[in-house]
Amino acid sequence: MYINALPDHSKPGFDEKAHFELFHTHNVIVNAVTRKSYCKEHVGCLSFKTVLSGTEKYIVNGNQITVRPGQFLILNDDQSYSSEIETGMDVQSVAIFFRQKFAVSVFNDFQQPDVKLPDDCNDHEGQMPGFFQTLYQLQPGLMNLVSAMLRSINKYGYHKNSADEFMIRLLHRLLLEHKLVMQQTKKITAVKASTRKEIYKRLCVAKDILHSSFDNINLELLSRNAIISVPHLVRYFRQVFGVSPHQYLTAVRMRYAAELLLKDSINLQELTLQCGFEDTSSFCRLFKKYYGHSPLVYHKIHHSCT
């Protein structure tokens with residue numbers, strides 16, 4: 001199923017039960033452009049969320065996760081969440097929802113690639129892994145796959161078999177991503193694998209807060225939201241991500257500033273505030289330290305090459 005317009009849940013007579021049921025009985029691809037949308041808290045299925053422009057906010061387990069271009073979010077089966085778009089600018093939201101039976105079948109194939117005859121098949125064999133419900137970087141291979149799927153639909157229309165083939169490939173890539181993340185949890189110096197996994201989940205809460213808000217966030221706030229002590233937060237964060245939370249936030253701000261500088265026109269003061277800084281001079285000095293040029297020179301160089 002393909003949806004190219006987000007529904008208005010506040011519209012009189014809107015049947016929310018029937019709407020949400022679609023996502024449990026069909027694989028669904030959503031590709032919609034809007035300036036305002038709100039989906040109240042509900043229990044969803046396994047899904048992949050990204051935006052090609054603008055930002056979309058999700059509330060998951062009481063924490064806000066802001067998805068920007070170049071990032072994606074995975075939500076597991078039976079996860080409760082809400083989402084909102086309200087930016088005053090066009091946001092292209094892409095969400096792909098996997099029917100549970102379909103996803104489990106793909107996972108079984110991923111785990112056991114040998115051919116199985118129909119008599120040997122068991123629809124309920126195995127379960128999907130519990131993905132870490134956190135922001136991931138949208139790597140070129142995965143981005144190219146999503147773009148190819150959308151181009152195919154735009155050019156030839158939606159065809160279930162073709163869409164399912166793309167979704168199998170997408171789910172394979174997400175499972176590979178999950179395996180890489182599980183390797184990353186081994187950096188945590190805890191004896192039990194279950195403890196490492198739980199600590200990683202809590203670190204992801206802190207990481208997503210840093211991505212979602214560019215304000216100056218203190219360690220005590222991160223600690224409370226991630227439910228982990230400040231010393232453990234700092235120590236394990238550095239073990240997994242290679243830098244302190246403060247250094248991580250600075251790098252996130254700088255990458256965002258560089259992306260904004262690729263636009264046609266900029267206002268340096270507005271750019272400073274958008275990236276969470278109050279003083280333009282200190283922002284410019286820090287940007288030059290990261291990229292070797294001041295923001296204005298960086299902007300000029302980029303546009304002289306396009």
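Up top is the structure.
Residues numbered from 1 in each chain as written. Predicted model: local features only at pLDDT ≥ 70, side-chain atom pairs only at ≥ 80, totals over all residues. Heavy atoms only, no water.

> Break down the nonpolar core for me, citing the residues and quoting the values.
Grouped together as the largest cluster of nonpolar side chains are 66 residues, with contacts concentrated most on Phe 48, Phe 98, Met 128, Leu 170, Leu 174, Leu 203 and Phe 283. Counting 19 residues, the second largest nonpolar core, distinct from the first, contains Phe 23, Val 30, Ile 85 and Ala 95. (Core = buried A, V, L, I, M, F, W, Y, C linked by side-chain atoms within 4.5 Å. Buried < 20%, exposed > 50% of the residue type's maximum accessible area, 1.4 Å probe, protein only.)

> Before we move on, can you summarise the pattern of salt bridges with the specific residues and values?
Proximity of charged atoms lets side chains of opposite charge pair with each other. On inspection of all chains with the given rule, the structure shows five salt bridges. Here Glu 198 and Arg 202 are joined by a salt bridge, their closest N and O atoms 3.0 Å apart. In this pair, Glu 198 and Arg 202 both sit in helix H5 (residues 193–212), four residues apart, roughly one turn of the helix. You can call Glu 198 partly exposed: its relative accessible area is 34%. (Salt bridge = Lys/Arg side-chain N within 4 Å of Asp/Glu carboxyl O. Helix = DSSP H or I, 4+ residues; strand = E, 2+ residues; numbered from the N terminus.)

> Give me the packing of aromatic side chains: which residues, what numbers.
Tallied over the full model, the rule gives 15 aromatic pairs. A ring pair is formed by Tyr 2 and Tyr 158, whose centres lie 6.4 Å apart and whose planes are at 15°; its orientation type is stacked. In this pair, Tyr 2 sits in strand E1 (residues 2–3) while Tyr 158 sits in the loop between helix H3 (140–156) and helix H4 (160–185), placing the two residues 156 residues apart along the sequence. In this structure Tyr 2 comes out as partly exposed when scored by relative accessible area, which is 23%. Taking relative accessible area as the criterion, Tyr 158 reaches 28% and is therefore assigned partly exposed. Each ring, one from Phe 72 and one from Tyr 136, has its centre 5.0 Å from the other, and the planes form 10°; the classification is stacked. (Phe/Tyr/Trp six-rings, centres within 6.5 Å; stacked < 30°, edge-to-face > 60°.)

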